[in-house]
Amino acid sequence: MGISAEAGHGLRVGDVVVVRNATPAHHHRTPWFVKGKTGRIASISGPFLDPESRAHGGDGLPKRRLCAVEFRQVDLWGEGYRENNRDSLLTDIYEHWLERLGQ
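Keep in mind that what you see is a predicted model, and the values were worked out from it rather than measured. Throughout, a residue's number is its position along its own chain's written sequence, starting from 1. Under the rules for a predicted model, residues below a pLDDT of 70 receive no local features and side-chain atom pairs below 80 are neither given nor counted, while totals for whole chains, interfaces and linings still include all residues. Computation of side-chain values: all heavy atoms of the structure, hydrogens and water removed.

A. Geometry of the pairing of strand S3 (residues 64-72). In this scheme, strands are said to pair when DSSP sees at least two bridges between them. Runs of H or I in DSSP of at least four residues are treated as helices and runs of E of at least two as strands, each being numbered from the N terminus. Strand direction decides the pairing type here: strand S2 (residues 38-48) and S3, joined by six bridges, are antiparallel. Bridging from a neighbouring strand, Arg40 pairs with Glu70 of S3. With seven bridges connecting them, S3 and strand S4 (residues 88-94) associate as antiparallel partners. Bridge pairing in S4 links Phe71 to Leu89.

Here it is in structure tokens:
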């Protein structure tokens, strides 16, 4: 997908986003089951020190905004999800892991 470190810049509540599908060799906090999936930004907070650049003695800079992204459960688990198709999951993802769809 080729998302740059600046991918999350300008995101807003309500934006439809896709999570970068990457497995970096370094520390990261993005859950595996949302990588490559599409969701909607429910809220944005921060900026906070970036745990990816803070890990192992780094300075945590640049600071990053943290986005609460809502995913439909059926979009995460596919046809194997047998509960209510309106169920959703809300998880926090740092903005540089997100790319707005429809750009």
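B. Looking closely at the sheet that holds S4. Read across the open sheet, the five strands follow the order S4-S3-S2-S1-S5; overall the sheet is antiparallel. Of all the strands in the sheet, just S4 and strand S5 (98-100) have a single pairing partner and so form its edges. Taken over all neighbouring pairs, the strand axes of this sheet differ in orientation by 40° on average, direction set aside. Throughout, an axis means a line fitted to C-alpha atoms (over the contacting stretch in the case of helices), and angles, computed between N-to-C directions, take values from 0 to 180 degrees.

C. Up close: the packing of aromatic side chains. Between 30 and 60 degrees the pair is tilted, below 30 it is stacked and above 60 it is edge-to-face, where a pair is any two Phe, Tyr or Trp rings, Trp via its six-membered ring, whose centres lie within 6.5 Å. Applying the stated criterion to the full structure yields three aromatic pairs. Ring geometry for Trp32 versus Trp77: centroids 6.4 Å apart, planes at 70°, classification edge-to-face. One end of the pair, Trp32, is in the loop between strand S1 (16-19) and S2; the other, Trp77, is in helix H2 (residues 73-77), and 45 residues separate them in sequence. According to the relative accessible area criterion, Trp32 is exposed, its value standing at 65%. Three or more aromatic residues link up through ring pairs in this structure, and these residues are Trp32, Phe33 and Trp77. Type-normalised accessible area, obtained with a 1.4 Å probe on protein chains alone, sets the label of each residue: buried when under 20%, exposed when over 50%, and partly exposed for intermediate values.

D. The arrangement of the nonpolar core in detail. Counting 12 residues, the largest nonpolar core consists of Leu11, Val17, Val19, Val34, Ile41, Cys67, Val69, Phe71, Leu76, Ile93, Trp97 and Leu98. When contributions to this core are tallied by element, the ones reaching two or more residues are S1 and S3. Here the element with the most residues in this core is S3; it accounts for three residues. In what follows, a contact means two residues having at least one pair of non-hydrogen atoms within 4.5 Å. Apart from the residues within four sequence positions on either side, Leu11 is in contact with Val17, Ile41, Ile44, Arg65, Cys67, Glu95, Leu98 and Arg100. In this text, buried Ala, Val, Leu, Ile, Met, Phe, Trp, Tyr and Cys residues form a nonpolar core when linked through side-chain atoms within 4.5 Å.

E. Expanded view of the pairing of S2. Alignment of S1 against S2, held across three bridges, turns out to be antiparallel. Across the sheet, residue Val18 finds its bridge partner in S2, namely Thr38.

F. Summary view of the environment of Pro51. The topology assignment puts Pro51 in helix H1 (residues 51-54). Distance in space between the C-alpha atoms of Pro51 and His28 is 7.2 Å, their sequence separation being 23 residues. Not counting chain neighbours up to four residues away, the residues in contact with Pro51 comprise His27, Arg29 and Tyr94.

G. The arrangement of the environment of Leu76 in detail. One can find Leu76 in helix H2. Measuring from C-alpha to C-alpha, the distance between Leu76 and Leu89 comes to 8.9 Å, with 13 residues separating the pair along the chain. Apart from the residues lying within four places of it in its own chain, the contact partners of Leu76 are Phe33, Val34, Lys37, Phe71 and Leu89.

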